[in-house]
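# Topology and contacts: notes
Residue strings, one per chain:
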Amino acid sequence: MGKKDPPVPASGRTSAGSRDRSAPNSMWGGRFTGAPDALMEGINASIGFDKALHAQDIAGSRAHAEMLAAAGILPAEDAAAICDGLDRIAAEIAAGEFDFRTELEDIHMNIEARLGELIGGAAGRLHTARSRNDQVATDLRLWLRDAIDGCDAALAALQSTLIDKAEAHADWVMPGFTHLQAAQPVTVGHHMLAYVEMFGRDRGRLADARKRLNESPLGAGALAGTSFAIDREATASALGFDRPTANSLDSVSDRDFVLEFLAAATICAGHLSRLGEELVIWSSAQFGFARLSDAFSTGSSMMPQKRNPDAAELIRGKSGRILGAFVTVFTVMKGLPLAYSKDMQEDKEPVFDAAETLAVCLQVAAAMVADLSFDRERLSAAAGAGNTVATDLADWLVREGGVPFRESHAIAGRAVALAEAKGCGLGDLPLEDLRTIDDRITEGVFDVLTVDRSVTSRTSHGGTAPDNVRAQAAAARERFL
């Protein structure tokens, strides 16, 4: 990468691309007289994925060096050299000029080794009063904090899109389903707002997880703390944490913050999957409720008529990937004694993948919903199919006839059976037919036996009435955006 290796490099390499197999790793080699086997080196190295933590590792090292200098543990000139070297490393990484070395195992050793090449012996003072155990715990909390903030912003954008759709379709009637059977008429706007609430709870779970993870493990050392008079409050503040962690042993043992994020991400992915499933169903020829734009549909290599809702299907499918990440990390952590074990290296790839997958799915869902169009006539026709106003008949008998609901339910059920036998809807039955079932039914019943009247009547708090939907959409903007 344009840099020459020193004659006796700290990494133990004899030349670029080769390594002296008789020499131990100098980062921990004082106890060892031989180098690790190539197979051991391969399974042990994490640099292939934990290089994603480079910005957080540099930020943590800078905060640690400045704290050591302020506490009189590190000479000020060494701290300045370290910070300057870290800035140069950050620039190299940004420019794609940094040589990530597998033999140096991880991002921490890679940065420290390069720092030694840049500034010499002062680099060896940086690791005073810290361990890779507290270092990686700090890096991962910083990284995950940023990931949560990104997911929250993406969730807010998705909510905004859904609220827009709700307002535009506040009075568009559609069938509401239970058991995927037509149940009662609702509005498209009401349906969209259901997802706004679901994603709002997801944001709440992520916010709770972020609040609990925002404590700094830096300075906890390997597990027992340190004998140096360090200022953990200072490093916590410098890195934007609320406070330092309270127990050094727990600080390096804990991955609850990873599991909490993955649990919240899994629930959110479940909500996305349900949305994806409904879009798949609605866009089918058999339903015809909605149409995905060309931008989020694909065709068939064989069948020219096909419009496949692949974006929605992929969102549905990727929920398993996020759930798998949670199961992976939980399985890693469930049997570990305190404090750090190398098993914990297996936390990063799943959480990196889950966070990236969730972020992409949220972005695609927002764009897909923004482009979504509905067929109002098809929705309205389907809203009345299956005698979805049967509950309105039962409710009318309670209000107007003083009939107990259990009795009115049975009356409405007999009316549905009669309508089905005649091949018509409830609202199409002649009054005399309805009165053969119960003579308390009057002409006034026909005021409620339409889907439009049904949805308009649902004015209870949280109900589907169009005026409710408009008010709920405005309230959702106030609460979430």
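Going along each chain's sequence as written, the residues are numbered from 1 onward. The model is predicted, so local features are restricted to residues of pLDDT at least 70 and side-chain atom pairs to those at 80 or more, both for listing and for counting; the totals for chains, interfaces and linings are taken over all residues. As a rule here, side-chain values cover all heavy atoms of the structure and leave hydrogens and water aside.

### Thoughts on the overall build of the protein
To keep it simple, the criterion reads: Runs of H or I in DSSP of at least four residues are treated as helices and runs of E of at least two as strands, each being numbered from the N terminus. This radius of gyration counts C-alpha atoms alone. The globule rule is 2.2 Å times how many residues there are, raised to the power 0.38. Buried means the residue's accessible area, taken with a 1.4 Å probe over protein chains only, is under 20% of the maximum for its type, while exposed means over 50%, and partly exposed covers the values in between. The contact criterion used is simple: two residues touch if any of their non-hydrogen atoms lie within 4.5 Å.
Per the secondary structure count, the protein includes 18 helices and six strands. In terms of C-alpha radius of gyration, the protein reaches 31 Å, well past the compact-globule figure of 23 Å for 481 residues. Here the C-alpha coordinates of the protein stretch approximately 105 × 55 × 40 Å along the principal axes. Counting the 481 residues in the protein, one finds 49% classified as buried. The long-range fraction of contacts in the protein, counting pairs at least 24 apart against all pairs at least 6 apart in sequence, stands at 72%.

### A look at the confidence of the model for the protein
The criterion, for reference: As a per-residue measure, pLDDT tells how confident the predictor is, with possible values from 0 to 100.
With 93% of its residues at a pLDDT of at least 70, the protein reaches an overall mean of 93. In this model residues 1-18 is a low-confidence stretch, pLDDT under 50, and it forms 29 contacts with partners more than four residues away in sequence or in other chains.

### A look at the nonpolar core
The cut-off we apply is this: Residues enter a nonpolar core if they are buried and are Ala, Val, Leu, Ile, Met, Phe, Trp, Tyr or Cys, with the set joined through side-chain atoms within 4.5 Å.
Counting 95 residues, the largest nonpolar core has Leu 144, Phe 199, Phe 261, Leu 272, Trp 282, Leu 362 and Phe 374 as its most contacted members. For this core, the element with the highest residue contribution is helix H10 (residues 256-282), accounting for 15 residues. Apart from the residues within four sequence positions on either side, Trp 282 is in contact with Met 174, His 191, Met 192, Phe 287, Gly 288, Phe 289, Ala 290 and Phe 374. Core analysis: the second largest hydrophobic core is formed by 25 residues, Val 389, Leu 434, Val 448 and Leu 449 among them.

### Overview of the packing of H10 against helix H11 (residues 310-333)
Where we set the bar: In this description, a line fitted to the C-alpha atoms serves as the axis of each element, helices being fitted only across the stretch in contact, and the angle between N-to-C directions of two axes falls anywhere from 0 to 180 degrees. Every angle not falling under 35 degrees, over 145, or within 65 to 115 is termed oblique; those three ranges are roughly parallel, roughly antiparallel and roughly perpendicular. By convention, the crossing between two helices is left-handed when the near helix turns anticlockwise from the far helix through less than a right angle, and right-handed when the turn is clockwise. The residue classification treats Ala, Val, Leu, Ile, Met, Phe, Trp, Tyr, Cys and Pro as nonpolar and Asp, Glu, Lys and Arg as charged. All others, Gly included, are polar.
Following both chains from N to C, one finds H10 and H11 inclined at 160 degrees, their axes separated by 8 Å at the closest point. Here H10 is positioned roughly antiparallel relative to H11, judged by the angle of their axes. Both H10 and H11 take part in a crossing whose hand is left-handed. Here the contact of H10 with H11 is composed, by residue class, of 17 nonpolar, four polar and three charged.

### Examining helix H15 (residues 405-422)
Filter applied, for reference: The span expected for a helix works out to 1.5 Å for each residue beyond the first.
Taking 1.5 Å per residue, 18 residues should reach 26 Å; H15 reaches 25 Å between its end C-alpha atoms and fits that length. Those residues of H15 that are buried are in contact with helix H14 (390-401) and helix H16 (431-437).

### Some remarks on unusual backbone geometry
Cis geometry marks the peptide bond from Leu 338 to Ala 339; its omega dihedral reads 10 degrees. With respect to the helices and strands, the residue Ala 339 is situated in the loop between H11 and helix H12 (348-371). At Glu 105, a position not held by glycine, the phi torsion is positive, near 70 degrees. Structurally, Glu 105 is set in the loop between helix H4 (76-94) and helix H5 (107-119). A relative accessible area of 7% places Glu 105 in the buried class. Positive phi is not limited to glycine here, since Asn 387 has a value of about 55 degrees. Structurally, the position occupied by Asn 387 is in the loop between helix H13 (376-384) and H14.

### Some details on the packing of aromatic side chains
Definition in use: Here the aromatic set is Phe, Tyr and Trp, taking the six-membered ring for Trp, and pairing holds for ring centres within 6.5 Å; pairs whose planes are under 30 degrees apart are stacked, those over 60 apart are edge-to-face, and all others are tilted. Should the NZ of a Lys or the CZ of an Arg lie within 6 Å of a ring centre and within 35 degrees of the ring normal, that charge is described as sitting over the ring.
In the structure shown here, the tally under the stated rule is seven aromatic pairs. Aromatic pair Phe 326 and Phe 330: ring centres 6.2 Å apart, planes at 20 degrees, arrangement stacked. Of the two residues, Phe 326 and Phe 330 both sit in helix H11, four residues apart, roughly one turn of that helix. Aromatic ring contacts, followed pair by pair, group Phe 177, Phe 287 and Phe 289 into a single cluster. One Lys or Arg, Arg 145, reaches over the ring of Phe 241 and ends 5.0 Å from the middle of that ring.

### Overview of the side chain of Asp 57
Where we set the bar: His is not counted here, nor are the chain ends, while Lys and Arg score as positive and Asp and Glu score as negative. Criterion for a salt bridge: a side-chain nitrogen of Lys or Arg within 4 Å of a carboxyl oxygen of Asp or Glu. Definition of a polar contact: a pair of N or O atoms within 3.5 Å, with one able to donate and the other able to accept a hydrogen when the atoms are protein atoms, and with sequence-neighbouring residues admitted only if both atoms are side-chain atoms.
Considering the arrangement of structural elements, one finds Asp 57 in helix H3 (residues 54-70). Arg 130 is the oppositely charged side chain nearest to the buried, salt-bridge-free Asp 57, at an N-O distance of 5.5 Å. A polar atom in the side chain of Asp 57 sits 2.7 Å from the side chain of His 108. Within the local environment of Asp 57, its side chain forms a polar contact with the side chain of Gln 135, the two groups lying 3.1 Å apart. Apart from residues lying up to four places away in sequence, Asp 57 is in contact with Ile 107, His 108, Ile 111, Gln 135 and Asp 139.

### Examining the packing of H4 against H5
The N-to-C vectors of H4 and H5 enclose an angle of 115 degrees; their axes lie 9 Å apart at closest approach. By the angle between their axes, H4 is roughly perpendicular relative to H5. For the crossing formed where H4 meets H5, the hand is right-handed. Residues Ala 81, Ile 82, Gly 85, Leu 86, Arg 88, Ile 89 and Glu 92 of H4 form the contact with H5, whose participating residues are Ile 111, Arg 114, Leu 115, Leu 118 and Ile 119. Considered class by class, the residues forming the contact of H4 with H5 number eight nonpolar, one polar and three charged.

### Considerations on the pattern of salt bridges
Enumeration according to the criterion identifies 32 salt bridges in this entry. Salt-bridge contacts for Asp 353 lead to Arg 321; the nearest nitrogen and oxygen are separated by 2.7 Å. With Asp 353 in helix H12 and Arg 321 in helix H11, the pair connects residues that are 32 residues apart, well separated along the chain. A residue is classified by how much of its surface remains accessible, and Arg 321, at 42% relative accessible area, is partly exposed.

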